[in-house]
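A look at the structure
Next come the chains, spelled out residue by residue.
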Amino acid sequence: MEGTLFFIRGINVGGHKVVRMQALREIMQNAGFNSVTTYIQSGNIWVSNIYEEALKTKLIELFQDALQWEVQVIALPPKRLKKIWTQCPFNKAEKEKSYFMLVERPLNKAACKHLNNLKGYTEKLHATPDCVYFFKETAAGKSILDTNYITAQYGAAVTTRNYNTIQRMLKICGYTL
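Nothing here was measured: the structure is a model prediction, and the numbers come from that model.

A count of helical and extended segments in the protein chain gives seven helices and eight strands. Each of the 177 residues in the protein chain was classed as buried or not, and the buried ones make up 46%. Restricting to contacts in the protein chain with at least 6 residues of sequence separation, those with at least 24 account for 68%. Surface accessibility of the protein chain: about 9,000 Å² in total, with carbon and sulfur atoms responsible for 49%.

Attention shifts here to helix H1 (residues 21-30). Within H1, burial applies to Met21, Leu24, Ile27 and Met28. Around the axis of H1, the buried residues are gathered within 120° of arc, so they sit on the same side. Directly after H1, the chain includes Gly32, whose backbone phi takes a positive value near 100°.

Here the focus is the pattern of salt bridges. What the rule picks out here adds up to five salt bridges. Residues Lys56 and Glu104 are paired through a salt bridge, measuring 3.3 Å at the closest nitrogen-oxygen approach. Separated by 48 residues along the polypeptide, Lys56 in helix H2 (residues 54-67) and Glu104 in the loop between strand S5 (98-103) and helix H5 (109-116) bring together distant segments of the chain. Taking the relative accessible area as the measure of exposure, Lys56 reaches 11% and is therefore buried. Two residues, Asp130 and Arg80, come together in a salt bridge whose shortest N-O distance is 3.1 Å. Taken together, the residues Asp130 in the loop between strand S6 (124-127) and strand S7 (131-135) and Arg80 in helix H3 (residues 78-86) connect sequence positions 50 residues apart. Overall, Asp130 belongs to the buried group, its relative accessible area being 10%. Connected through salt bridges with shared partners, the residues Arg80, Lys83 and Asp130 form a single ionic network.

With that out of the way, let us pick up the environment of Tyr99. Structurally, Tyr99 can be placed in strand S5. Sequence separation of Tyr99 and Tyr163 is 64 residues, and the distance between their C-alpha atoms is 5.9 Å.

Turning to the packing of aromatic side chains, a few remarks are in order. Inspection of the entire model under this criterion finds five aromatic pairs. With a centroid separation of 6.4 Å and 55° between ring planes, the pair formed by Phe90 and Phe135 is classed as tilted. Of this pair, Phe90 sits in the loop between H3 and helix H4 (92-95) while Phe135 sits in strand S7, and the two are 45 residues apart along the sequence. Between Tyr99 and Phe134, the aromatic rings sit 5.2 Å apart at their centres with planes inclined by 20°, giving stacked as the arrangement. Taken together, the positions of Tyr99 in strand S5 and Phe134 in strand S7 put the pair 35 residues apart, joining distant regions of the chain. Take Tyr99 and Phe134: they sit in the same class, and that class is buried. In textbook terms, an aromatic cluster arises when at least three aromatic residues are bridged by ring pairs, as seen for Trp85, Phe100, Tyr133 and Tyr163. We note Lys95 situated over the ring of Trp85; from NZ or CZ to the ring centre the distance is 4.3 Å.

Reading guide: rules and limits
- Residues numbered from 1 in each chain as written.
- Predicted model: local features only at pLDDT ≥ 70, side-chain atom pairs only at ≥ 80, totals over all residues.
- Heavy atoms only, no water.
- Helix = DSSP H or I, 4+ residues; strand = E, 2+ residues; numbered from the N terminus.
- Buried < 20%, exposed > 50% of the residue type's maximum accessible area, 1.4 Å probe, protein only.
- Contact = heavy atoms within 4.5 Å.
- Areas by Shrake-Rupley, 256 points an atom, 1.4 Å probe, with all protein chains shown as cover.
- Arc of directions from axis to C-beta.
- Salt bridge = Lys/Arg side-chain N within 4 Å of Asp/Glu carboxyl O.
- Phe/Tyr/Trp six-rings, centres within 6.5 Å; stacked < 30°, edge-to-face > 60°.
- Lys NZ or Arg CZ within 6 Å of the ring centre and 35° of its normal.

This is how it looks when you write it as structure tokens:
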């Protein structure tokens, strides 16, 4: 399963930075990316047959030139996303309602420990170097812990996807779950 999964942060959320996935596919195809697949309107992209960390920088530049606004992109090989999926600590019912905060670079042990020791949150939280998992009965948008907090605390771009999106992206790149 060669390829790269790209998760673009903050597009098509609350009417801000609106762009159709067809436009993103066209931008990428015109720049020479082949076999581009997108899923729903929140910036989930699969490019098969190629993985290089440098592609993330190229993609950011392409989108900034074409769209005229800055984007943050998390780039993952499918094996890493599968590992993140597999390591979700919640039971099946909770996992199906959980959220995955994907980080652009691994969190260190101190960051994971700090996040795992946070008190006063109503959601279940579990931080690993590659992902901060959380389960909350209500919508993630109403969570006290958000991507801006992690970015400000640890200097790493973060984007959140729900269980269904992670599952679908793994299926798109060829995994049977």
